[in-house]
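Survey of secondary and tertiary structure
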Amino acid sequence: MKHHLFAAAIVAFAATFASAIESGAPAPERFWLASKFDGRRAVIYFDTLRFGNSFPATAEALYPAAGFGIPSLLPEPYVARMQNRPGAVHFGIGDKYDIVVDGNLVRSATITKLVGWIGDEGVGNESYIGAIVNLDRPEIPLSQDWFVARRHIEIPPGPHTSMSPPHAQLLKEPVPFDIQTQIASIMKQRMRMMADPPVRAAAEKVAPAFTVQSFSLADGRIRYYVRCEWHVGKGFLFGAWLAPQPALHIVGVERRTASYGFETDLPNLLNVLDLGDGRTAIVLSSSGEDSEYLGLLEYHDGGWHKMHQLQAISAAE
């Protein structure tokens, strides 16, 4: 997987969405991963499919490469045919979407191009179909790489206040030194519980290397995501989610998933965004020995496998 672009498999409310349609209930709000294409454009892949031999030979690859890979421009009639499948997501040029780019900051955008990305279908992976959206206010460039997209919601005019209510966001301020010291102690205690005796004995003699990210939930509560490694033997490492109240403690643990190096051997927290209605979303990537995963998850305390998955892009060799 380290040597080529990984293919895609999108999972987004499928069972819930179908159940709502059958029961006549309102369909749940849909959210999609979005990736920066350049300062004024983003890529959204709405659906997964198999192109087979139908992908247009003349499809033009679009650069610069986006976070999802290199999309190719698709004609509108071709996309319309692909949308005739049962359960297909319908979208078209001129449709408006909202991009939640940083915490609860929302930017409106409009579809200007329809695109596809061919995955390695030969080994069972899926391909993408989606769009490039242009920001409606391009003079304010995108500064982040990963976002959440949703269908556009018109916000009625009303009174404005300078007070910012609590909302989910990835915090930019450094974590205070005293908190980092407490985290290091807690991670060392957990290492003693998790490591085999020989590894534990070796790890007791060295200081761990760790990174800490802090973020707020939609209600303003703080969480920390920590990745920690002891350089003993082949390396002993794990990740943890921590809450500061009533006392700093672990609320979820992440295990090693690969052996390529610290940056990819544990899940990587890429962004934290506010979905509204008290919901917090995280964008998270994870590597396996022969697989890649990129997920949009609704955050809840616990490891990421226990969180509600809104959309995922994943594949294996």
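Above: the structure in question.
The structure contained in this document is the topic of the report that follows. What you see is a predicted model, and the numbers here were worked out from it, not measured in a lab.

Some points on the overall build of the protein chain
Counting its regular elements, the protein chain contains five helices and 16 strands. Here the protein chain holds 317 residues, and the buried ones make up 49% of them. Summarising the internal contacts of the protein chain: among those between residues at least 6 apart in sequence, 61% fall at separations of at least 24. As displayed, the protein chain has an accessible area near 15,300 Å², and 56% of this comes from carbon and sulfur atoms.

Observations regarding a negative patch on the surface
Taken together, the side chains of Asp120, Glu289, Asp290 and Glu317 present a region of like negative charge at the surface. By the secondary structure assignment, aspartate 290 is in the loop between strand S14 (279-287) and strand S15 (291-298).

Observations concerning the pattern of salt bridges
Throughout the structure, instances matching the rule amount to 15 salt bridges. A salt bridge links glutamate 204 to lysine 188, with the shortest nitrogen-to-oxygen separation between them at 3.7 Å. In this pair, glutamate 204 sits in the loop between helix H4 (197-203) and strand S9 (209-216) while lysine 188 sits in helix H3 (residues 177-194), placing the two residues 16 residues apart along the sequence. Owing to a relative accessible area of 31%, glutamate 204 belongs among the partly exposed residues under this scheme. Across the pair glutamate 263 and arginine 227 runs a salt bridge, and its minimum N-O distance is 3.7 Å. Placement of the pair is glutamate 263 in helix H5 (residues 262-265) and arginine 227 in strand S10 (residues 222-230), with a sequence separation of 36 residues. Take glutamate 263: its relative accessible area is 48%, and that puts it in the partly exposed class. Look at arginine 227 and you get buried, because its relative accessible area is 5%.

Comments concerning the environment of proline 174
Within the secondary structure layout, proline 174 lies in the loop between strand S8 (169-170) and H3. By relative accessible area, proline 174 is classed as exposed at 72%. Linking proline 174 and serine 214, residues 40 residues apart in sequence, is a C-alpha distance of 8.2 Å.

Criteria and cut-off values
Residues numbered from 1 in each chain as written. Predicted model: local features only at pLDDT ≥ 70, side-chain atom pairs only at ≥ 80, totals over all residues. Heavy atoms only, no water. Helix = DSSP H or I, 4+ residues; strand = E, 2+ residues; numbered from the N terminus. Buried < 20%, exposed > 50% of the residue type's maximum accessible area, 1.4 Å probe, protein only. Contact = heavy atoms within 4.5 Å. Areas by Shrake-Rupley, 256 points an atom, 1.4 Å probe, with all protein chains shown as cover. Patch = residues over 30% accessible without salt bridge, like charges linked within 9 Å, V, L, I, M, F, W, Y side chains within 5 Å. Salt bridge = Lys/Arg side-chain N within 4 Å of Asp/Glu carboxyl O. Lys, Arg positive; Asp, Glu negative; His and termini not counted. Charge placed at Lys NZ, Arg CZ, Asp CG, Glu CD.

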